[in-house]
Every structure is written in structure tokens, then in C-alpha cells.
Amino acid sequence: MKFLASAETSSGIDVVLDKIWAEVVPCLEREFGIMKFKGGDVELLYVPIIMREKDRASYPARSKLKEDSRTCECCPQLNYQIFEDGNWEEVLHEYVGGLKEASSQLKKLGASDSEIYAFEEILNRSIKEMKCLGTR
């Protein structure tokens with residue numbers, strides 16, 4: 001599976017996003033890169049929306065599945081306040097946890113229950129392994 005990540009954000013959380021791009025995204029790219037689905041290659045595009053409360057209504061969640069290109073676009077709204085004030089473990093849970101929404105999309109592309117379980121285990125293991133990277 002090919003994993004690509006970006007984000008739509010309000011300003012003010014650049015430091016934590018830099019840490020995510022440097023430490024979390026490469027780990028997920030490696031883990032997902034070795035994952036194979038019986039139904040064929042899948043591209044997972046993760047673009048969480050991390051906006052201040054006043055901006056959230058203008059930036060709704062917009063996840064969608066493109067079956068013809070086997071692309072899952074996972075675009076949930078995440079809690080901005082956690083990225084601004086939370087500790088590293090809370091940030092990890094919020095960021096990586098947003099990817100769990102992709103499970104139902106992967107299922108629609110033909111992923112088996114065991115493949116969905118393996119996907120979710122990568123997410124859970126990533127949170128456990130990366131929380132040791134310390135606080136901000």
C-alpha cells in the first residue's frame with residue numbers, strides 16, 4: 001500500500017506538525033509500504049483537517065473512496081486543541097487515530113477482516129512505539 005500524507009491546518013501548530021512529518025509519517029510509510037492486499041494495490045491519502053473551532057465549519061471532513069483508482073482519501077476533522085496544547089502521546093492518538101476511518105474504505109476495496117486487523121494493528125503499534133519519542 002502506498003501512503004501519502006498532508007494536512008489542512010490553521011496556523012500555530014507548525015512545530016508539532018514538523019515533528020509528525022519527521023517522525024510519524026516516515027514510520028507509517030515504511031509500515032504501510034510492506035502491506036499487501038489480496039484485492040490489489042491501494043493508495044491511502046491522509047489529509048486530516050486540523051482547524052481552530054471558528055474555522056471548522058468551513059473545512060468539513062471529506063473522506064472519499066475512488067474505487068476506479070483504488071485510492072482511499074482519508075480526510076477527517078481532528079481536534080486542533082490537542083495539537084496546540086496536548087502532550088506528545090495525545091497528539092499521536094489524535095493524528096494516528098484519524099487513520100482508523102480508512103478501515104471502512106479499505107473494506108469496500110475488498111480488504112479481508114484479517115487485512116483490516118493488520119492495518120489497525122500498525123496504527124496501534126505505531127502509537128506505542130512513537131510515544132517514547134518524548135514530549136514536545
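In what follows, the accompanying structure is described. (Residues numbered from 1 in each chain as written. Predicted model: local features only at pLDDT ≥ 70, side-chain atom pairs only at ≥ 80, totals over all residues. Heavy atoms only, no water.)

It is worth spelling out the overall build of the protein chain at this point. From N to C terminus, the protein chain includes five helices and six strands. Beginning at the N terminus, the succession of helices and strands in the protein chain can be written as β-β-α-β-β-β-β-α-α-α-α. Whereas a compact globule of 136 residues would reach a radius of gyration of roughly 14 Å, the protein chain reaches 15 Å, a difference of no more than 12%. The dimensions of the protein chain, computed from C-alpha atoms along their principal axes, are 40 × 35 × 20 Å. When the 136 residues of the protein chain are sorted by exposure, 42% land in the buried category. Excluding contacts between residues fewer than 6 apart, the proportion of contacts in the protein chain whose partners are at least 24 apart in sequence is 77%. A total of about 7,100 Å² of accessible surface is found on the protein chain, and carbon and sulfur atoms cover 49% of it. Computed over 19 positive and 24 negative side-chain charges, the separation of the two mean positions in the protein chain equals 2 Å. (Helix = DSSP H or I, 4+ residues; strand = E, 2+ residues; numbered from the N terminus. Rg over C-alpha atoms; globule rule 2.2 N^0.38 Å. Buried < 20%, exposed > 50% of the residue type's maximum accessible area, 1.4 Å probe, protein only. Contact = heavy atoms within 4.5 Å. Areas by Shrake-Rupley, 256 points an atom, 1.4 Å probe, with all protein chains shown as cover. Lys, Arg positive; Asp, Glu negative; His and termini not counted. Charge placed at Lys NZ, Arg CZ, Asp CG, Glu CD.)

Right, let's get into unusual backbone geometry. Excluding glycine, residues mostly carry a negative phi; peptide bonds, for their part, are mostly trans. The phi dihedral of R70 is positive, around 55°, even though this residue is not glycine. Within the fold, R70 resides in the loop between β5 (64-66) and β6 (71-74). Taking the relative accessible area as the measure of exposure, R70 reaches 19% and is therefore buried.

Looking now at the packing of aromatic side chains. In this structure the tally under the stated criterion is four aromatic pairs. Their ring planes at 70° and their centres at 5.1 Å tell us that Y46 and Y95 sit as a pair that is edge-to-face. One end of the pair, Y46, is in strand β3 (residues 43-46); the other, Y95, is in helix α3 (residues 88-97), with 49 residues separating them in the sequence. Judged by its relative accessible area of 0%, Y46 is buried. Since its relative accessible area comes to 1%, Y95 is described here as buried. Looking at K19, its charged tip hangs above the ring of W88, at a distance of 4.3 Å from the centre. (Phe/Tyr/Trp six-rings, centres within 6.5 Å; stacked < 30°, edge-to-face > 60°. Lys NZ or Arg CZ within 6 Å of the ring centre and 35° of its normal.)

So, about the pairing of β3. Alternating positions in β3 separate cleanly, L44 and Y46 being buried on one face and E43 and L45 remaining unburied on the opposite face. Where strand β1 (residues 2-5) meets β3, four bridges bridge the pair, whose relative direction is parallel. Its bridge partner being in β3, L4 is matched across the sheet by L45. (Pairing = 2+ DSSP bridges.)

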